[in-house]
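Here's the letter readout for the chains.
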Amino acid sequence: VGSIREFELWAYELYQYVDNTPEYMYKSRARKALAAYMEEQGEASDFVFLDIAALGPNGGEPINPRIIIQLYRSLLPKTCENFLTLAEDSYTGAPFHRVTNKAWIQSGAVGEESIY
């Protein structure tokens, strides 16, 4: 796991490969592939989008990544329903209290009320 730049460096060091593909082409391909995958999943899964606001590395320029979470409704219907309800109603402005570099993020309580 790593960034595209780390992958490019690895490819160059190992194979002297240089990719000259413009960045916009990667983004376009990724959007099309994601849309096709989501369509393919049909009724088996839901997808939740979390739009994040954060400062870049070392407190630099703000970044606004979108995290896409696939909910496997066909395997865990109640858990997915609960998470979908939380994501739709409660996570606006909820802070992350743990961020692990290149791994995972964790957010805590999202309000005074329980969904149960």
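Note: the structure precedes this text.
Quantities reported herein were computed from a predicted structural model and do not represent experimental measurements.

Here is what the cut-offs are and how they apply
- Residues numbered from 1 in each chain as written.
- Predicted model: local features only at pLDDT ≥ 70, side-chain atom pairs only at ≥ 80, totals over all residues.
- Heavy atoms only, no water.
- Phe/Tyr/Trp six-rings, centres within 6.5 Å; stacked < 30°, edge-to-face > 60°.
- Salt bridge = Lys/Arg side-chain N within 4 Å of Asp/Glu carboxyl O.
- Helix = DSSP H or I, 4+ residues; strand = E, 2+ residues; numbered from the N terminus.
- Buried < 20%, exposed > 50% of the residue type's maximum accessible area, 1.4 Å probe, protein only.
- Contact = heavy atoms within 4.5 Å.
- Polar contact = N/O pair within 3.5 Å; in protein donor to acceptor, adjacent residues only side chain to side chain.
- Expected span 1.5 Å × (residues − 1).

Brief notes about the packing of aromatic side chains
Think of a pair of aromatic rings as described by two things: how far the centres are apart, and how the planes are tilted against each other in angle.
Here's step 1: Applying the stated criterion across every chain yields a total of three aromatic pairs.
Here's step 2: For the pair Trp-10 and Tyr-15, a centre-to-centre distance of 5.9 Å together with 80° between the ring planes defines the contact as edge-to-face.
Here's step 3: A connected cluster of aromatic rings, assembled from ring pairs, spans Phe-7, Trp-10 and Tyr-15.

Digging into the pattern of salt bridges
Should the charged atoms of two oppositely charged side chains come close, the side chains can pair.
Here's step 1: Taken as a whole and judged by the stated rule, the model has four salt bridges.
Here's step 2: Across the pair Arg-5 and Glu-8 runs a salt bridge whose closest N-O atoms are separated by 2.9 Å. Within this pair, Arg-5 and its partner Glu-8 are both found in helix H1 (residues 4-15), separated by three residues, close to a single helical turn.
Here's step 3: Classification of Glu-8 by relative accessible area gives partly exposed; the value is 22%.
Here's step 4: Among the ionic pairs, Glu-43 bridges to Arg-73, the shortest N-O distance being 3.8 Å.

Structural notes on the environment of Gln-70
Here's step 1: Following the sequence through the fold, Gln-70 ends up in strand E4 (residues 66-71).
Here's step 2: Classification of Gln-70 by relative accessible area gives buried; the value is 18%.
Here's step 3: Taking the C-alpha atoms as reference, Gln-70 lies 4.6 Å from Phe-47; in sequence the two are 23 residues apart.
Here's step 4: If we skip the residues at most four places from it in the chain, Gln-70 touches Tyr-37, Gln-41, Ser-45, Asp-46 and Phe-47.
Here's step 5: Looking at Gln-70, its side chain comes within polar contact range of the side chain of Tyr-72, at 3.2 Å.

A look at H1
Here's step 1: Under the 1.5 Å per step criterion, the end-to-end length of H1 is 16 Å for twelve residues, consistent within 8% with the ideal 16 Å.
Here's step 2: Remark: Gln-16 follows H1 within two positions and exhibits a positive phi of approximately 55°.

Quick look at the side chain of Ser-45
Here's step 1: As for its position among the elements, Ser-45 is in the loop between helix H2 (23-41) and strand E1 (46-51).
Here's step 2: The class of Ser-45 is buried, set by a relative accessible area of 5%.
Here's step 3: Polar side-chain contacts of Ser-45 include one of 3.0 Å to the side chain of Gln-70.
Here's step 4: Setting aside its immediate chain neighbours within four residues, Ser-45 contacts Gln-70, Leu-71, Tyr-72 and Arg-73.

All we've got here are geometric facts, nothing functional implied.
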